[in-house]
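In case you want the letters, here they are:
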Amino acid sequence: MNQVRRNRRLRTTAAIRAIVREHSITPQDFLVPLFVVEGTAIQQEIPSMPGYYRYSLDLLTKEVKELWTMGLRSVLLFVKVPDALKDNKGTEALNPDGLMQRAIQTVKEAVPEMLVMTDVALDPYSSYGHDGIVENGYIVNDPTCEVLAQMSLSHAQAGADFVAPSDMMDGRILAIRSLLENENYKNTGIMSYSAKYASGFYGPFRDALDSAPGFGDKKTYQMDYCNREEAIKETLMDIDEGADIVMVKPGLAYLDIVRDVKDAVDVPVAVYQVSGEYAMLKAAAANGWLDHDTIMMEQLLAFKRAGAQLIASYFAKDVVRVLNS
């Protein structure tokens, strides 16, 4: 049998496969989520996220320096707020000496070149565990946007490079961008969670921050996972309002959305490989059902293949270990 084209020629050896590979993973692709708590000498493993931890500020310094030496250049900060500081309006979120503000400063003091992104939402600060202010059992939109804008300004003043609103309130990007511009923080970027779905994959994350909703669910503001075209509408609106980077969340079950968004926009696209995706693989690997590193890399390459340029992932350090092996 004489064939002019044999596609398998390009798969013959590892060297050939590598040289014709269309997509690859590097440490610079990652946003590393970091969970921060009050106290000293604290490194608490999150039970539903094996191998992942909450850090007090002193150990956050150590962790950030380690990330930098591994080639990881971007972090995404989240804080676990003590219950005594929570209220319905997220007052503590605006405290210039709050945990988030001190965490930003800690990272920048430890590694000034590290890119610092910060979570902007009220659920860690809310006595109700919702992403917005609650009135008569309803999460109100416009008053929440005002607080989110002030929260973003506080993060910028503390030294954040990007704010990352994850709340899904209507118009919050415009409110944030307008206030940052008016206060002369013109170079502070916004990475918007533009297509964030009301997903069941968030459970371990809510354990990590004690931020589960105290009543109901988040379906009146996070997107219905039955919808596809809505993601494009939401994303384009965020870009029009001033978002510099847009994000799809969760990741693996939403690769179609990642590709749709990538095809529709001209700004960088991020994806969040969320806590439930992390926990599932860790559990399966611990039981010997799947090979951890093989599946981890396969999933991450799927995000790149779908069009994501940035990946928020709890696997970032594991990936660097694999890449260096």
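For the structure itself, consult the block above.
The structure displayed is predicted, hence computed values, not measured ones.

**Here's the deal with the overall build of the protein**
Each helix and strand counted, the protein has 11 helices and 12 strands in total. A compact globule built from 325 residues would reach a C-alpha radius of gyration of about 20 Å, and the protein, at 20 Å, matches this within 12%. C-alpha atoms of the protein, sized along the principal axes, occupy 75 × 45 × 40 Å. Within the protein, residue pairs in contact and separated by at least 24 positions form 74% of the contacts whose partners lie at least 6 positions apart. In the structure as shown, the protein presents an accessible area of about 14,700 Å², 50% of it carried by carbon and sulfur atoms. Of note, the protein has its 33 positive side-chain charges centred 11 Å away from the centre of its 44 negative side-chain charges.

**Re the nonpolar core**
In this structure, L34, F35, L60, V75, L77, M191 and Y272 are the most contacted members of the largest nonpolar core, which totals 102 residues. Of the residues forming this core, the biggest block, 8 residues, is contributed by helix α4 (residues 142-158).

**A look at the pattern of salt bridges**
Taken as a whole and assessed by the stated rule, the structure comprises 17 salt bridges. Residue R177 pairs with D244 through a salt bridge whose shortest N-O separation is 2.8 Å. With a gap of 67 residues between them, R177 in helix α5 (residues 172-182) and D244 in the loop between α7 (229-241) and β10 (245-249) connect regions that are remote in the sequence. Residue R321 pairs with D318 through a salt bridge whose shortest N-O separation is 3.8 Å. One end of the pair is R321 and the other is D318, both in helix α11 (residues 316-324) and 3 residues apart, which spans about a single turn. The class of R321 is partly exposed, set by a relative accessible area of 43%. For D318, a relative accessible area of 17% gives the class buried. Salt bridges linked by common partners bring K282, D293, D318 and R321 together as one network.

**Brief notes about the packing of aromatic side chains**
Under the criterion given, the structure shown has 12 aromatic pairs. Seen from their ring centres, F35 and Y52 are 6.1 Å apart, and the 75° between their planes marks the pair as edge-to-face. Of the two residues, F35 sits in strand β1 (residues 30-36) while Y52 sits in strand β3 (residues 49-55), which places them 17 residues apart along the sequence. Neither residue differs from the other here; F35 and Y52 are each classed as buried. Ring geometry for Y128 and F215: centres 5.7 Å apart, planes at 90°, overall edge-to-face. Of this pair, Y128 sits in the loop between β5 (115-120) and β6 (134-135) while F215 sits in the loop between α6 (203-209) and α7, placing them 87 residues apart in sequence. A relative accessible area of 34% places Y128 in the partly exposed class. Through a chain of ring-to-ring contacts, three or more aromatic side chains come together here, namely F35, Y52, F78, Y193, Y272, Y278, Y314 and F315. Stacked on the ring of W68, the Lys or Arg R73 has its end atom at 3.8 Å from the ring centre. The residue whose ring lies beneath K196 is Y202, and the NZ or CZ to ring-centre distance is 5.7 Å.

**Some remarks on the packing of helix α9 (residues 275-286) against helix α10 (residues 292-306)**
When two helices pack together, their arrangement is given by the angle between the helix axes and the distance between those axes. Here α9 crosses α10 at 155°, and the two axes come no closer than 9 Å. In terms of orientation, α9 and α10 fall into the roughly antiparallel class. With respect to the hand of their crossing, α9 and α10 are arranged in right-handed fashion. When α9 is examined against α10, the residues E277, L281, K282 and A285 are found in contact with a partner set consisting of H292, I295, M296, Q299 and F303. Partitioning the contact of α9 with α10 into residue classes produces 5 nonpolar, 2 polar and 2 charged.

**As for α7**
With 13 residues, α7 extends 19 Å between its outermost C-alpha atoms, agreeing within 8% with the 18 Å of an ideal straight helix rising 1.5 Å per residue. For α7, the set of buried residues is A231, E234, T235, D238 and E241. Angularly, the buried residues of α7 cover 125° about the axis, an arc narrow enough to put them on a single face. When the buried face of α7 is taken as reference, the exposed residues oriented beyond 90 degrees from it are E229, K233 and D240. Turning to α7, the residues buried within the fold contact α5, β9 (189-196), β10 and α8 (255-264). At the C-terminal side of α7, G242 shows a positive phi close to 120°.

**Description of α10**
If you check α10, its first and last C-alpha atoms are 21 Å apart, about what 15 residues at 1.5 Å a residue would give, namely 21 Å. Inspection of α10 places H292, I295, M296, M297, Q299, L300, A302, F303, K304 and A306 among the buried residues, and these make up the whole buried set. On the buried face of α10, the contacting elements are β1, α8, β11 (269-273), α9, β12 (310-313) and α11. Phi turns positive, to about 125°, at G307, one or two residues after α10.

What counts, and where the lines are drawn
Residues numbered from 1 in each chain as written. Predicted model: local features only at pLDDT ≥ 70, side-chain atom pairs only at ≥ 80, totals over all residues. Heavy atoms only, no water. Helix = DSSP H or I, 4+ residues; strand = E, 2+ residues; numbered from the N terminus. Rg over C-alpha atoms; globule rule 2.2 N^0.38 Å. Contact = heavy atoms within 4.5 Å. Areas by Shrake-Rupley, 256 points an atom, 1.4 Å probe, with all protein chains shown as cover. Lys, Arg positive; Asp, Glu negative; His and termini not counted. Charge placed at Lys NZ, Arg CZ, Asp CG, Glu CD. Core = buried A, V, L, I, M, F, W, Y, C linked by side-chain atoms within 4.5 Å. Buried < 20%, exposed > 50% of the residue type's maximum accessible area, 1.4 Å probe, protein only. Salt bridge = Lys/Arg side-chain N within 4 Å of Asp/Glu carboxyl O. Phe/Tyr/Trp six-rings, centres within 6.5 Å; stacked < 30°, edge-to-face > 60°. Lys NZ or Arg CZ within 6 Å of the ring centre and 35° of its normal. Axes fitted to C-alpha atoms, helices over the stretch in contact; angles between N-to-C directions. Parallel < 35°, antiparallel > 145°, perpendicular 65-115°, else oblique. Left-handed = near helix turned anticlockwise from the far one by under 90°. Nonpolar A, V, L, I, M, F, W, Y, C, P; charged D, E, K, R; others polar. Expected span 1.5 Å × (residues − 1). Arc of directions from axis to C-beta.

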